[in-house]
Amino acid sequence: MLPLDKMVSKLNSYAFNIRQTRRSSQSSAATKAAASFVYALQTEASSSPGEIGTSLDPNVVNGIREALSKASVMAIRAAADGGNYKLILRIVDAVVGYGVAVAEHFGVPEANEGSAIIVTRIFGEAITCLTRSKASQSKLKGIWNRLVDLSRKEGLTILASTPGPYELNAILAGLADRGRVNAALDIYRSSGIAGDSFTACILIDMLAASIPSHGIFVRRRKYAERGKEAQGIDDLESTCWQWNEVLSILDDLGGTDQLNNYVFTSTLKANAKAEKLYQIRRGRTEGRHNGGRVAVSLLRRMEKSGVDPDIITCTLAMKAFEQGGHWQEALRLLHSMEDDSQDMPPPNMSTYAAAISTCFQGDQEDKALELLDRASQSKLEEVVPNTWLYNTAILAHLREEDSIRWILNRMKESGIERNPITYLNAIRGCRYFSAKAAVGFLDSAFHDDDLSDISSTDMIALMNMALLACASNGDVSRAAAVFALMAQSCSTPDEITWQNVIKTFAVAGDVESVSLLVRALQGSLDSSQSLVERHDIEVTKKASALIQRDQLDDITSLAIASLLRNDNLDAAIHTLSGMESAGMKPKDESVREITFELCRRSMSESANEFKKARGDKLISGTMTSKSPLIRPSQEVSSRMASDALQLMKKIYLPSAPLSCAVTKACCAAGKWSDGRAILRKMHSAAVKETRSPAYSRESAPHLSELPSLHHQLFKLCARSGNVNAALSLADDIVDMS
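Residues numbered from 1 in each chain as written. Predicted model: local features only at pLDDT ≥ 70, side-chain atom pairs only at ≥ 80, totals over all residues. Heavy atoms only, no water.

S.K.: Break down the pattern of salt bridges for me, citing the residues and quoting the values.
M.R.: Scanning the entire structure with this criterion turns up 21 salt bridges. The salt bridge involving Arg146 is made with Asp93; its shortest N-O contact spans 2.2 Å. In this pair, Arg146 is assigned in helix α6 (residues 137–152) and Asp93 in helix α4 (residues 85–106), connecting sequence segments 53 residues apart. Between Arg601 and Glu597 there is a salt bridge, with its nearest N and O atoms 3.0 Å apart. Taken together, the positions of Arg601 and Glu597, both in helix α30 (residues 588–620) and 4 residues apart, correspond to about one turn of that helix. We classify Glu597 as buried; its relative accessible area is 14%. Several salt bridges converge on common partners, so that one network encompasses Arg189, Glu245 and Asp252. (Salt bridge = Lys/Arg side-chain N within 4 Å of Asp/Glu carboxyl O. Helix = DSSP H or I, 4+ residues; strand = E, 2+ residues; numbered from the N terminus. Buried < 20%, exposed > 50% of the residue type's maximum accessible area, 1.4 Å probe, protein only.)

S.K.: Could you give an account of the environment of Thr575, with specific residues and numbers?
M.R.: Considering the arrangement of structural elements, one finds Thr575 in helix α29 (residues 569–581). Exposure remark for Thr575: the relative accessible area of 7% places this residue in the buried category. In sequence terms Thr575 and Ser557 are 18 residues apart; their C-alpha atoms lie 8.8 Å from each other. Leave out the neighbours within four places in its chain, and Thr575 touches Ser515, Thr556, Ile560 and Leu563. (Contact = heavy atoms within 4.5 Å.)

S.K.: Kindly report on the packing of helix α3 (residues 58–81) against helix α5 (residues 121–131), identifying the contributing residues and their values.
M.R.: Close contact between α3 and α5 brings their axes to 10 Å; oriented N to C, the two are set at 5°. In this view, α3 runs roughly parallel relative to α5, as classed from their interaxial angle. Here Leu68, Ser69, Ser72, Val73, Ile76, Arg77 and Ala80 of α3 lie close against α5, whose contacting residues are Arg121, Ile122, Glu125, Ala126 and Cys129. Across the contact of α3 with α5, the residue classes tally to 7 nonpolar, 2 polar and 3 charged. (Axes fitted to C-alpha atoms, helices over the stretch in contact; angles between N-to-C directions. Parallel < 35°, antiparallel > 145°, perpendicular 65-115°, else oblique. Nonpolar A, V, L, I, M, F, W, Y, C, P; charged D, E, K, R; others polar.)

S.K.: Account for the layout of surface pockets, with residues named and values stated.
M.R.: Considered as a void within the structure, the largest pocket measures approximately 450 Å³ in volume. Taken together, 17 residues form the lining of the largest pocket, with Leu299, Arg300, Glu303, Ser336 and Met344 sitting closest to its centre. When residues of the lining of the largest pocket are traced back to their parent elements, those giving at least two are α13 (291–304) and α15 (327–338). For the lining of the largest pocket, the element with the highest residue contribution is α13, accounting for 5 residues. Partitioned by chemical class, the residues of the lining of the largest pocket number 8 nonpolar, 3 polar and 6 charged. (1 Å grid on protein atoms, 1.4 Å probe; cavity = no way out; pocket = protein on both sides within 12 Å on 5 of 7 lines; lining within 4 Å. Points joined across faces, edges and corners; volume = space filled by probe spheres on them.)

S.K.: Any chance you could break down the side chain of Asp732 for me, citing the residues and the numbers?
M.R.: Tracing the backbone through its elements, the reader meets Asp732 in helix α35 (residues 723–736). Within the structure, Asp732 has its side chain in polar contact with the side chain of Arg676 (distance 3.0 Å). When sequence neighbours within four positions are dropped, the list of residues in contact with Asp732 reads Arg676, Arg680 and His683. (Polar contact = N/O pair within 3.5 Å; in protein donor to acceptor, adjacent residues only side chain to side chain.)

S.K.: Please set out α3 residue by residue, giving values where relevant.
M.R.: Its 24 residues give α3 an end-to-end C-alpha distance of 35 Å, which sits within 8% of 34 Å, the value for a rise of 1.5 Å per residue. Just beyond α3, the residue with positive phi is Gly83, at close to 70°. (Expected span 1.5 Å × (residues − 1).)

S.K.: Account for empty space enclosed by the protein, with residues named and values stated.
M.R.: Applying the stated rule across the entire model yields 1 cavity of 30 Å³ or more. As for the largest cavity, its lining consists of Cys667, Trp672, Arg676, Leu679, Leu713, Ala725 and Leu729. Of all elements in the fold, only α33 (672–690) and α35 reach the threshold of two or more residues within the lining of the largest cavity. The leading source of residues in the lining of the largest cavity is α33, at 3 residues. For the lining of the largest cavity, the per-class residue count stands at 6 nonpolar, no polar and 1 charged.

S.K.: An account of the packing of aromatic side chains is requested, with residue identities and associated values reported.
M.R.: Enumeration according to the criterion identifies 2 aromatic pairs in this entry. Seen from their ring centres, Tyr14 and Phe37 are 5.8 Å apart, and the 65° between their planes marks the pair as edge-to-face. A residue pair is termed long-range when its members are at least 10 positions apart, and Tyr14 in helix α1 (residues 4–23) and Phe37 in helix α2 (residues 27–46) qualify at 23 residues. According to the relative accessible area criterion, Tyr14 is buried, its value standing at 17%. Between the aromatic rings of Phe483 and Trp498, the centroid separation amounts to 5.5 Å while the plane-to-plane angle is 40°, which identifies the pairing as tilted. Here Phe483 is found in helix α23 (residues 476–488), whereas its partner Trp498 is found in helix α24 (residues 495–508), with 15 residues between them in sequence. (Phe/Tyr/Trp six-rings, centres within 6.5 Å; stacked < 30°, edge-to-face > 60°.)

Encoded structure:
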């Protein structure tokens, strides 16, 4: 082995060469230099002691620590540039091997830092670079576990220091990047390393990212119970386990100087995601995540910790108040930001917009409009009233036509430009309560000088939104008014336009017009003329020619769905038949919805048939204990069940719920052979599900449906007194088992 002072020069030379090759963008050359560095360390570690000497000079030890660290880091980065994660692992192995060889040569019998030449930063750099590669989480954890084992090893010591926040942050960031939340939390809890603010941000951001956008997931906590005296924050736990972990991480930093705006910003972002997910539990005292209350407590904690909120923190808190409807807290925070005597940042446009939106949602219309006025008159450089602020105010209101009109007039008086989004928000605000107001705002947009050069795309978007308002209210006459404006502006209807018109007809109960529109879009001039005569809505040749075949399929499928929602099954079936006659392919979803509706009606009709037959038998006096069986005429229910069966056969791989519905409809209507045929197919599908390697109850839809289906089929057997059907059903169940 070379003497340590000569090894310092050699390592510095490697570090310089690798750095130079990386700067020259020669990744292959840099990778070769890193591999040469590995070979040199392995050669030194395996060679005889030679001239290395027997005494340690502290200056030389410090020099080789620095040189080895510099060369190792350069080599690891060069390997990462080339995407060679295996070389990174070899570099770590070579560094550890050389460190062990040096420590063993000097024969230090106890743990002693005198001969420890490896700094922990090398491991942190290796983990960071592995994170950017295709290496699996096991490779990252392998480097981390090796570092931990070396730091806890008794006897010879090769580490110049114990692992610290840098190395901990590296492994946590790597696991977070791969979505391994539990693994990261376990390492954080078991490491015994006091993390810093960056540690907290990594963990909290990771937890926030893992909060799903839908559904409720509850998990038992793995960490210790949080005592009230240790919390430093009110009891704000919820059924969102990620949020409970965030509170625990804040507790860990409670007595340190690591709490800062970055940590609280991450916490408020996690709070917003938890509130968004758990707001569906509003109205229930258990399991609710009160984001507004959390934001208040976090601001108090910042004050107690001596952390002055910055504008980002304040804006996030204001948005939390907006999401939870805490308008009093929003106004209180805004007032403190406006007060020069407070250690608070001045408000900006986002702050005012969130406060205005919060007041509108809290039914404080006067206060919201007052804030809008105050923002308009503000002398702060950060507050320059613009179109975005007023558009946000309109979007937040979405209730009163007069208030929306007031905001639009105020924009004109203040010289604030209106844009398409302004009127789009105004029309959206009227969608559920007044088609007349929506069309009125569309007309205002049409005559607004600020929109004189509006694009055709934006204009058709405004008209489609107005038509959606007409559809929500079933106002056909207002829809015709929109088409008049469309013709006046020379705008061409698109797929969304026709979809909204169909919804309008369906909500209005005008089944004939739905059929006329579908046929007109297919090119029927007679149907187009009939629409003009009925509603003054024209489907021009140009408009029908612009509709693609797949778009026409979508429009017709929507017509079917709209008819079904408005209880027009016969019209839906007629439309479906028209699609097939025209060579169009209806969507499986449309066929499925009609099939479900046929099954529902067949079941209902079957129950009525039995009820009528029972009444007739009681009236005639033929209902006796010796003759309790009822044999109703099931012509109607049987016909509907047959139609449902034929439609289901048109669907490729019908779902388990659909098969279940058709089976029940057939059996209820007395078509036991058809019902049993579907049931046997469901049994076969359930058996295949149980044999799947990834089998679970959730991944076996047919198996999940069967218990309830069997129970209901036996009840139908009992209702009709059909012993043979019951025995056959029992045989089928035994065969499946």
